[in-house]
Structure formats: C-alpha cells, structure tokens
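Here is what each chain is made of, one letter per residue.
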Amino acid sequence: MAKSPLIAVDNLSKIFSGPRNREPVPVFERVDFTVERGELVCLIGHSGCGKSTVLNILAGLDDATTGQVLIDGLPIAGPSLDRGILFQNHALLPWLTAARNVVFAVRSRWPSWEAAEVARHCQKYLDLVHLTGSEHKKPSELSGGMKQRVGIARAFAIQPKVLLLDEPFGALDALTRGLIQDELLQIWAATQQTIFLITHDVDEAILLADRILLMTNGPRARIAEVVTNPLPRDRTRQTLHRNPRYYDLRNHLLDFLLSRSGRHVNGAPPRSAGARPVNEALESGRLQ
Amino acid sequence: MGSVRGVRTALASLLLLGLVLGAWQLATIPKTATAAGNAEYQAMVGSHKAGLPSPIQIAQTSWRHLRSPFHDGGANDKGIGIQLAFSIGRVLLGFALAVLIAIPLGFLVGTSQLLQRALNPYIQVLKPISPLAWMPLALYTIQDSALSSIFVITICSVWPMLINTAHGVSSVKREWLNVARTLEVHGLRRALHVVLPAAAPTILTGMRISMGIAWLVIVAAEMLVGGTGIGTFVWNEWNNLSLANVIFALLMIGLVGMLLDLAFGSLTRLVSYQE
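Since this is a predicted model, take the numbers as computed values, not measurements. (Residues numbered from 1 in each chain as written. Chains lettered and ligands numbered in written order. Predicted model: local features only at pLDDT ≥ 70, side-chain atom pairs only at ≥ 80, totals over all residues. Heavy atoms only, no water.)

A. Here's a closer look at the overall build of chain A. On a plain count of helices and strands, chain A comes out with nine helices and 10 strands. Out of the 288 residues belonging to chain A, those deemed buried represent 54%. With the model as given, the accessible surface of chain A reaches about 12700 Å², and the carbon-plus-sulfur share is 51%. (Helix = DSSP H or I, 4+ residues; strand = E, 2+ residues; numbered from the N terminus. Buried < 20%, exposed > 50% of the residue type's maximum accessible area, 1.4 Å probe, protein only. Areas by Shrake-Rupley, 256 points an atom, 1.4 Å probe, with all protein chains shown as cover.)

Spelled out as structure tokens, the structure:
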C-alpha cells in the first residue's frame, strides 16, 4: 500500500430520505478503503447493505451524503469514461447488434478515430470474450451469458482507469458463470485492468479477488474486515479447492456472512480488528 | 399447416363476400310488377324502387373510373386517381407539418416533468376538439380553402404524435440512460443514438394513429370546403344522385386508408426491437 492508490474512499456514508417524522438512518457509514492500480478488489455483503450504492457512487451515478472518493487523487464529479461499468443486467442497447454496442462505447471514448480503427479495436475485444461469429446478432438473439460477454467487451474496450462490476454474473446459471469468470480472469491478466467488483458469492470472491472487503448488514453498514487473498494468483476454478488454505478462507468468509455480519451494528469495533490478524491466522493455517 | 390455414381463411373470406354481394344483388333487382297506379311516378324517379345500385352496376362504374384514373376534363371531370392524389397530398403535407411540430415538442415534454405537467391541461382540452370545428377559424385566418384543410389535418395529427412521443421519451429505460451517462454521451448524440431509437416504436405507433385520423378527417374537410379531392368527389356525386359513384369512392377511400396503415405498420416493425 505504498504511494497514492488509484481509488481512495474516505469516510463515505449514504442517507436516503426515508418516511417523514422518522430519523433518517444511514444505509452505510464510515466506509473507507483503497484500490491499487492493477488490483482486483471485491466487496462482499448481504443484499440491502448498500453495496450497489457504493458502486454507483464510485461510478458517479449517485452522490454520497458524506465523505469523498478520490480517483488518481482527484474527486469524482459525475460519471466519466475513466470509470467503466459492467451492469448487473448487462444494459445492452437492444436495437444495436453486439458489435454496434461495443462500437457505440468506443466511438464515445475516441470520437476522432476512423471507422476502420474503431472496427479493429472492437473486434479485438469481441474476440477476447469469444463472441467471434456472433457480432451481428441483436442482444435478444443472444443467451444470458453471451449478453454479459458483450457487456464485458464493451466495458473493457474503452480502457477505463477502473472497471466497476456490479454483481456481473448474478443472473447467470452456475456453468455459464464459471466459464465467464475464467474469461474475465484471462482478460484481466491480459489487460492489467484495475477492477472493483461487487458480489454476494463467496467462491466468486475467492477465485477473482486480490483483496476482499467484508461489509456488515445495513442499516449503518460498515466495512468490517479487509481480507487479503492468500491463495496463489495462478489459481483456477479447477485447482482452487485443492489448496488447503481455500477452505480456511472460505469458512472464514462464510462465517462472517452467516453469523458475524449482523453484529457490528451501531458502532461495534469494526475496522481495527481487520485485515492483519485474519491473514496471519490464515497464513499459519490455524483459522477455523 | 400454415398455408392450409391460409387457404381456408381466404376461402371463408371469399365466401362471405359472395354471400353479401349475392344478397345485395337480389335485393336490388328491379321489381317490374308494381302497382299500376304508380307507373307515372316510377317513370319520373327511375325504374329502381330503392334507387340503390346493384353490385354489378357498381362494378361497371368502377371499371369506367379505373380505366382512365388520371384523365382531366376540367373542374368537374377529374379522374379518381387525380382526386385521390389531391387528398393524399394534403394529408401528407399536413402530416409532415405535424411531425415537425409534435416530435421535437414531444421530446421536450418527455424530458421535462415540469413541462409535462404544465402542458397537460391544454393538451387535454385541445385534443378532443373535432378537427373540423377548427375550419371556420382556419378559413378566416388563412383565407385559402386548400391550406385550411391542410391546417385541419395538422391539428388532428399533432395530438397522438405529441402524446406518444412524450410518453416514449419519458419511459426510456433508466439503465440505457445510465449507459449514456457513463459513456459521457450527452446532447444531440444522446437524443439521436439512445433516446430516439429507444422511443421510436412508441413514436411510430403515435404516427400510425395520427395517419389513420388524418385520412378520416380529410374526406370530411374536403366535403366542407369543396374544390378538389376525394371528399369533394363524394359530395358532388351525392348531389348528382349517383350512388354508384359514391360507393365506388367509399371503396377507394377504404383501400387507400388500408395501404397507408400498412405502410406505417411496416415502418413500425422496422424500428421495433426486442428486449
């Protein structure tokens, strides 16, 4: 954690104006974390804890009530091409073909590019997600997995400083999800793209993330722990479960989600008990 | 299976047509054996008791008209093609004018909740006014009967288009607008590449409704102001007591109306998308 991180989130909170004559309660508060360049950071928590709101604030689609987010040292002001988003429900424009959806994004990023250059660039990313041959189909003609692949191609193609992924594979069946997770890892390795990902799937977090942020339940959700993934970077879905430390990590995360995530409500000591002890425990293999 | 069903549908359609035409033909056979005392009267008003032409007479009349649809023998003797062309021309002109007004205004209304609420009462009051009721006002201010009927077409075409455009624009999915925001797509590019294609099916449905209404209204407008057009033709033939000509004109009005609707139907299919 040296030098300035790519993303620095400081004391973030969000209050939605609730029903009248009731004290508005923050969905989450005192959220801080950082994301380094080239890192894949995963935020995990139960639904309703405000995960998506955190991501929308990073994207510039929503405003925080307090706190600030610095990207490359600069505060964010609205959505920007510096921050690409892969939406949960792919959000492709249904009247455009797969290829035209990517072209639309690339044209927005580099308006001065010539058509041939745009086409070449788009094809590269369509090939990366194995959509070769289906470029000219409309989203309605594609399966859920294929649609999300187009979304991935569109998000990576604009080469943002950071990619924000909002439960990108939540709507897919398990088999497809696994395949696309593998593809995401390949593209991530090939592009060195910084990624911030939201999920409620423990295995997804373990497979993909360098660091995992654990969020307590709302209201007043916090980031209770930051777990650095101890598994080797060359892990794959096939080999993951053979690593003895996988189960320690998995149990730790599940234990948090199933029983401890609700206990930090109202100012229990969250962050200080964070990353170090857990990781030391994992390193020594004692944790259960 | 499909083609078999198609053939059966066509046969049933033709059978129905045959039955109706047959009954009509039988009903209009001239009755020769009428009371003797009426002979003088019958000679005066013609041999047909009802005066309604038979299908065969209508077919003969139609053939006469369709043989030279574009002949022009002066103000009172123009081919049916010319009359229809006048009416279609007026409808298209008035309709185009309505498009120029309703689509940009609808975009504006659709993007601004304030404008939508502010304009809504006026739209609700102006919409139900019969387009023909505008005619005196139009004739007085424009002082030209042909332009007045174009104005009436514009007035009646504006509302469905305006309402549908506003509705289509205001109900563009939030996720698509968010895509535009995160890609920093604003202004005209956003309007043309995101909002317009998203709202196009709704807008075209409005245009289709408008076109249907415009075609209904032009006949009435031309009956009122005279001069040229299929409405004028119908009214003139009524004054000539030539019901065969009137019925032929009705068929042509229906046919053209159907073709216009089909054209807009295929346009709608062209811009519609599946989610």
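B. Structural detail: the pattern of salt bridges. All names here are of chain A. Using the criterion set out here, one finds 16 salt bridges over all chains in the structure. The salt bridge involving Asp72 is made with Arg37; its shortest N-O contact spans 2.4 Å. Highlighted residues: Asp72 in the loop between β4 (66-71) and β5 (74-75) and Arg37 in the loop between β2 (26-35) and β3 (40-44), separated in sequence by 35 residues. Of the residues examined, Asp72 reaches a relative accessible area of 30% and is grouped as partly exposed. For Arg37, a relative accessible area of 48% puts it in the partly exposed group. Of the charged contacts in the structure, one is a salt bridge between Asp182 and Arg237, with a shortest N-O distance of 2.7 Å. Placement of the pair is Asp182 in helix α5 (residues 174-191) and Arg237 in helix α7 (residues 237-240), with a sequence separation of 55 residues. A single network of salt bridges, built from pairs that share partners, joins Arg37, Asp72, Asp82 and Lys161. (Salt bridge = Lys/Arg side-chain N within 4 Å of Asp/Glu carboxyl O.)

C. Inspection of the packing of helix α4 (residues 144-157) of chain A against α5 of chain A at higher detail. All names here are of chain A. Interhelical geometry of α4 versus α5 gives an angle of 15° and a closest axis separation of 11 Å. Taken together, α4 and α5 sit at an angle that is classed as roughly parallel. As for how α4 packs across α5, the hand of that crossing is right-handed. Contacts from Gly145, Arg149, Ile152 and Phe156 of α4 reach α5 at Thr176, Leu179, Ile180, Glu183, Leu184, Ile187 and Thr191. Of the residues that constitute the contact of α4 with α5, the class distribution is six nonpolar, three polar and two charged. (Axes fitted to C-alpha atoms, helices over the stretch in contact; angles between N-to-C directions. Parallel < 35°, antiparallel > 145°, perpendicular 65-115°, else oblique. Left-handed = near helix turned anticlockwise from the far one by under 90°. Contact = heavy atoms within 4.5 Å. Nonpolar A, V, L, I, M, F, W, Y, C, P; charged D, E, K, R; others polar.)

D. Quick look at the side chain of Asn178 of chain B. The residue Asn178 of chain B is located in helix α8 (residues 174-182) in this model. Looking at Asn178 of chain B, the relative accessible area reads 14%, which means it is buried. Leave out the neighbours within four places in its chain, and Asn178 of chain B touches Leu61 and Phe87 of chain A.

E. Fine view of helix α3 (residues 55-67) of chain B. Residue and element names in this part refer to chain B. Relative to the 18 Å expected for 13 residues at 1.5 Å per residue, α3 spans 18 Å between its end C-alpha atoms, a close match to the ideal helical length. Here α3 has its buried residues at Pro55, Ile58, Thr61, Ser62 and His65. Across the axial projection of α3, the buried residues extend over an arc of 120°, all falling on one side. Those residues of α3 that are exposed and angled more than 90 degrees off the buried face are Gln60, Trp63 and Arg67. (Expected span 1.5 Å × (residues − 1). Arc of directions from axis to C-beta.)

F. Here's a closer look at the interface of chain B and chain A. With 17 residues of chain B at the interface, the matching set in chain A holds 20 residues. Note on chain B versus chain A: buried area summed over both sides is about 1800 Å², and carbon and sulfur give 68% of it. For the pair chain B and chain A, the interface holds zero salt bridges. Elements supplying a minimum of two residues to the side of chain B that touches chain A: α8 and α9 (187-225) of chain B. With six residues, the top contributor of residues to the side of chain B that touches chain A is α8 of chain B. Residue composition of the side of chain B that touches chain A, grouped by class: eight nonpolar, four polar and five charged. (Buried area = accessible area lost by both parts, 1.4 Å probe.)

G. Representation of the environment of Met258 of chain B. For Met258 of chain B, the position within the fold is in helix α11 (residues 243-271). Here the alpha-carbon distance between Met258 of chain B and Trp215 of chain B, two residues 43 residues apart in the chain, equals 10.0 Å.

H. Spatial organisation of empty space enclosed by the protein. Taken as a whole and judged by the stated rule, the model has one cavity of 30 Å³ or more. Lining the largest cavity we find Arg83, Gly84, Ile85, Phe87, Ala105, Arg154, Ala155 and Ile158 of chain A together with Val179, Thr182 and Leu183 of chain B. Counting residues per element, the ones that place at least two in the lining of the largest cavity are β6 (83-86) and α4 of chain A together with α8 of chain B. For the lining of the largest cavity, the leading source of residues is β6 of chain A, giving three residues. Taken together, the residues that form the lining of the largest cavity break down as seven nonpolar, two polar and two charged. (1 Å grid on protein atoms, 1.4 Å probe; cavity = no way out; pocket = protein on both sides within 12 Å on 5 of 7 lines; lining within 4 Å. Points joined across faces, edges and corners; volume = space filled by probe spheres on them.)

I. Region of interest: the packing of helix α4 (residues 80-111) of chain B against helix α7 (residues 145-170) of chain B. Residue and element names in this part refer to chain B. Where α4 meets α7, the closest approach of the two axes is 6 Å, and the angle between their N-to-C directions is 30°. Of the possible angle classes, the one that applies to α4 and α7 is roughly parallel. In terms of crossing hand, the pair formed by α4 and α7 is right-handed. Considering only residue class, the contact of α4 with α7 consists of 20 nonpolar, nine polar and one charged.

J. Up close: a nonpolar patch on the surface. Residue and element names in this part refer to chain B. Together, Leu97, Leu100, Ile101, Leu105 and Leu108 give the surface a local cluster of nonpolar side chains, amounting to about 460 Å² of exposed area. Here Leu100 is to be found in helix α4. Using a relative accessible area of 63% as the deciding quantity, one classes Leu100 as exposed. (Patch = residues over 30% accessible without salt bridge, like charges linked within 9 Å, V, L, I, M, F, W, Y side chains within 5 Å.)

K. Focus on the packing of aromatic side chains. All names here are of chain A. Applying the stated criterion across every chain, the model contains eight aromatic pairs over all chains. Geometrically, the ring pair formed by Phe33 and Phe196 is stacked, given 5.3 Å between the ring centres and 5° between the ring planes. Here the residue Phe33 occupies a position in strand β2, and Phe196 occupies one in strand β8 (residues 194-199), the gap between them amounting to 163 residues. With respect to class, Phe33 is no different from Phe196; both count as buried. Relative to Tyr247, the ring of Tyr246 lies with its centre 4.9 Å away and its plane at 75°, an arrangement referred to as edge-to-face. (Phe/Tyr/Trp six-rings, centres within 6.5 Å; stacked < 30°, edge-to-face > 60°.)

Worth remembering: the numbers are spatial, not functional.
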